[in-house]
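Summary of the model geometry
Spelled out from the first residue to the last, the chains are:
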Amino acid sequence: MADTIFAPASGFGRAAVAVLRLSGPGAGPALAALTGRPPPPPRRLSLRTLRDPAGGETLDRALVVWMPGPATFTGEDQVELHLHGSPAVRAAVLRVLAGLPGMAAAEPGAFTRRAFLNGRMDLTAVEGLADLIDAETEAQRRQAMRQLDGALGRRVEAWRAGLLDLLATTEAALDFSDEGDVDDEALSDRAMRAAAAIRDAIALALADGRRGERLRDGFVVVLAGAPNAGKSTLLNALAGRDAAIVSSRPGTTRDAIEVRCDLGGLPVVLVDTAGLRDSDDEIEAEGVARSRAWIGKADLVLWLAAPGEAAAAPDDTALPCLRVRTKSDLGADAAGGGLAISAVTGAGLDRLLAAIEERAQASLGAGDALVTRERQRRALERCVAHLDRVVASQGASAPELVAEDLRLAVRALGEVAGRVGVEEVLDRLFSSFCIGK
Ligand SMILES: Nc1nc2c(c(=O)[nH]1)N(C=O)[C@@H](CNc1ccc(C(=O)N[C@@H](CCC(=O)O)C(=O)O)cc1)CN2
Ligand SMILES: Nc1nc2c(ncn2[C@@H]2O[C@H](COP(=O)(O)OP(=O)(O)OP(=O)(O)O)[C@@H](O)[C@H]2O)c(=O)[nH]1
Ligand SMILES: [Mg+2]
């Protein structure tokens, strides 16, 4: 691995300014090679002419920043080059950087990986940063920001410190158990109460209806019903664009069409599906099978029925669903029931959106969950299981066994923070980052 990495940190394509960042011991020498001058004062944007050290050709007149480690994002020496944002300027400077000794183009997430390895952030903060970069809605941004800020990391550290205390006490009891100067009974009683308190606190954080994980994925709303019910028309009306083909022929939609949207700051995925009916047409039958699969995965199913049609009924009554009567502009439907809408006049759409938002809100929360990933949840559940055994023993277990469960509980918390057993997690996480992060 090269000591020093570099990458574009801003988006690709034409822009006013393009930022390149460098990290590692070669960052300072690279800046010196490009500017032919000593570094500017730390952490101050300074105007410099950048030249190709090989031929002396001027590459750009740019703002540069020198940030000596360890008080940097990565913990290493860092440099930023704020270039004119054309693809050609950026490419020229990147080419020169690649030719300098000890420099290598950064892999996705390489800067953050260094920040993590240098102890600048724990794993929950890294996950928060990944989510912050991917955040599309206000609630996602809020949750990611809290995670990056250490909302979960700090709690986990506090729980871990508490358990380490307990472990020390228990181990002391082990060491001195034959010396008779430690009050075993009182000690174990206190230890049990402390273990139970930490277990309860973790269990409380876990009892959140998985809203943190759900908020990352989005709330899935599936539009279902008979052919021609008006599903695709409604999707287009809600999305505000022609995402799906609409026609008067029943059986128009075959593939499910997903549209991500922002509903009051919450991420909602609307899915238009093929109309449900038995069909001899092989392609349509496959479309209907896909519709059913989507219905099974939905957080909310909108059952659409046009006037005169029997209201579509879910096979599975446990499905969270909302009945919608479409095409209300064609006249009131005596069959009634459900929310009346018209995608043509727009009648009822506000109420429909409000109903979806209300359910999304109940399911996702507003970004206040502590647990945001399955990975964190599993490790916390393991921790609770070990603490359950400690508490259930009520001091009856041998101190050796209590100590072992405490050690495993501590280890599980260490995994949440990324102190132990993280190599594979890191590789997966960082490969989802963008270049330059
Ligand atoms: N130009 C630019 N903008 C950016 C970043 C960057 O790297 N460059 N960031 C990159 O992600 C984010 C800001 N995050 C940062 C986090 C920590 C430090 C840092 O230097 N921390 C030091 C010093 C802190 C201080 O001065 O108070 C430290 O923690 O020791 C810098 C940026 C968003 N905007
Ligand atoms: N008058 C009126 N016509 C509508 C409304 N919504 C849809 N339509 C018409 O109903 C027909 C079917 O609409 P689609 O949106 O394609 O129906 P669908 O449920 O997607 O149908 P499939 O994809 O075949 O399952 C089209 O001719 C639409 O123009 C509405 O609110 N009012
Ligand atoms: Mg359709």
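Residues numbered from 1 in each chain as written. Chains lettered and ligands numbered in written order. Predicted model: local features only at pLDDT ≥ 70, side-chain atom pairs only at ≥ 80, totals over all residues. Heavy atoms only, no water.

1. Digging into the UniProt feature "binding site: Mg(2+)" (unreviewed entry) in the protein
With numbering aligned to this structure, UniProt lists the feature "binding site: Mg(2+)" (unreviewed entry) at Ser-232 and Thr-253. These annotated residues cover 22 residues of sequence, but their C-alpha atoms sit close together, with the largest distance between any two at 7.6 Å. If you take the residues mentioned a moment ago, the ones lining the largest pocket come down to Ser-232 and Thr-253. Within the secondary structure layout, Ser-232 lies in helix 9 (residues 231–239). Of note, Thr-253 is situated in the loop between helix 9 and strand 8 (257–263). In contact with Thr-253, not counting residues within four places along its chain, are Ser-232, Ile-245, Asp-272, Thr-273, Ala-274 and Gly-275. Here Ser-232 takes part through its side chain, which lies 2.8 Å from a polar atom of the side chain of Thr-253. (UniProt positions renumbered as here; feature names shortened; annotations may be inferred. 1 Å grid on protein atoms, 1.4 Å probe; cavity = no way out; pocket = protein on both sides within 12 Å on 5 of 7 lines; lining within 4 Å. Helix = DSSP H or I, 4+ residues; strand = E, 2+ residues; numbered from the N terminus. Contact = heavy atoms within 4.5 Å. Polar contact = N/O pair within 3.5 Å; in protein donor to acceptor, adjacent residues only side chain to side chain.)

2. A few points about the coordination of the magnesium ion (ligand 3)
Only Ser-232 (OG) and Thr-253 (OG1) from the protein reach the magnesium ion (ligand 3) as donors, at distances of 2.0 Å. Pair noted here: Ser-232 is in helix 9 and Thr-253 is in the loop between helix 9 and strand 8, with a separation of 21 residues, a long-range link. There is no split in this pair, since Ser-232 and Thr-253 are both buried. (Donors = N, O, S within 2.8 Å, 3.2 Å for Na, K, Ca; no water. Buried < 20%, exposed > 50% of the residue type's maximum accessible area, 1.4 Å probe, protein only.)

3. Topic: the nonpolar core
The biggest cluster of nonpolar side chains holds 33 residues, and the ones touching the most others in it are Leu-163 and Ile-202. Of all the secondary-structure elements, those providing two or more residues to this core are helix 6 (151–176), helix 7 (184–206), helix 12 (374–392) and helix 13 (399–417). Here this core gets 9 residues from one element, more than from any other, and that element is helix 13. If we ignore the near neighbours within four places in the chain, the residues touching Ile-202 are Trp-159, Leu-380, Cys-383, Val-384, Leu-387 and Leu-413. (Core = buried A, V, L, I, M, F, W, Y, C linked by side-chain atoms within 4.5 Å.)

4. Observations regarding the packing of aromatic side chains
What the rule picks out here adds up to 1 aromatic pair. With centroids separated by 5.4 Å and ring planes inclined at 55 degrees, the aromatic side chains of Phe-430 and Phe-433 adopt a geometry described as tilted. In this structure Phe-430 comes out as buried when scored by relative accessible area, which is 1%. (Phe/Tyr/Trp six-rings, centres within 6.5 Å; stacked < 30°, edge-to-face > 60°.)

5. A closer look at the side chain of Ser-23
Position of Ser-23 relative to the elements: it lies in strand 2 (residues 17–23). Reaching out from Ser-23, the side chain makes a polar contact with the side chain of Glu-76 at a distance of 2.6 Å. Apart from residues no more than four positions distant in its own chain, Ser-23 is found in contact with Asp-3, Thr-4, Ile-5, Thr-74, Glu-76, Asp-77, Gln-78, Phe-111 and Arg-114.

6. A few points about the site of ligand 2
Around ligand 2 sit 22 residues in total, of which Lys-231, Thr-233, Gly-251, Thr-253 and Asp-329 are the nearest. Interatomic distance of 2.9 Å between a backbone N/O atom of Asn-228 and an oxygen atom of ligand 2. Considered on its own, ligand 2 offers 650 Å² of accessible surface; in the complex 87% of this is hidden by protein. Applying the majority rule of atoms within 2 Å of the grid points places ligand 2 in the largest pocket. Looking at the shell around ligand 2, its residues break down into 7 nonpolar, 11 polar and 4 charged. (Near = heavy atom within 4 Å. Areas by Shrake-Rupley, 256 points an atom, 1.4 Å probe, with all protein chains shown as cover. Sits in = over half its atoms within 2 Å of the grid points. Nonpolar A, V, L, I, M, F, W, Y, C, P; charged D, E, K, R; others polar.)

7. Description of the site of ligand 1
Taken together, Arg-21, Arg-43, Ala-71, Thr-72, Phe-73, Glu-80, Arg-120 and Lys-437 form the complete shell of residues around ligand 1. Here an oxygen atom of ligand 1 and a side-chain polar atom of Arg-21 are 2.9 Å apart. Contacts to ligand 1 include Lys-437, whose side-chain N or O atom sits 2.6 Å from an oxygen atom. Across the complex, the protein chains shield 44% of the 680 Å² of accessible surface that ligand 1 would expose by itself. In terms of residue class, the shell around ligand 1 is built from 2 nonpolar, 1 polar and 5 charged.

8. What about the confidence of the model for the protein?
Scored by pLDDT, the protein comes out at a mean of 91, with 94% of its residues at no less than 70. In the predicted complex, the global pTM is 0.88; the interface-specific ipTM is 0.88. (pLDDT = per-residue confidence, 0-100.)

9. Details of the sheet that holds strand 12 (residues 339–340)
With mixed pairing, the 6 strands of this open sheet are ordered in space as 8-9-7-10-11-12. Lying at the two open borders of the sheet, with one neighbouring strand each, are strand 8 and strand 12. Sheet topology places strand 10 (residues 300–305) next to strand 11 (residues 321–325); 5 bridges connect them, and they run parallel. Pairing of Val-301 across the sheet is with Cys-321, part of strand 11. (Pairing = 2+ DSSP bridges.)

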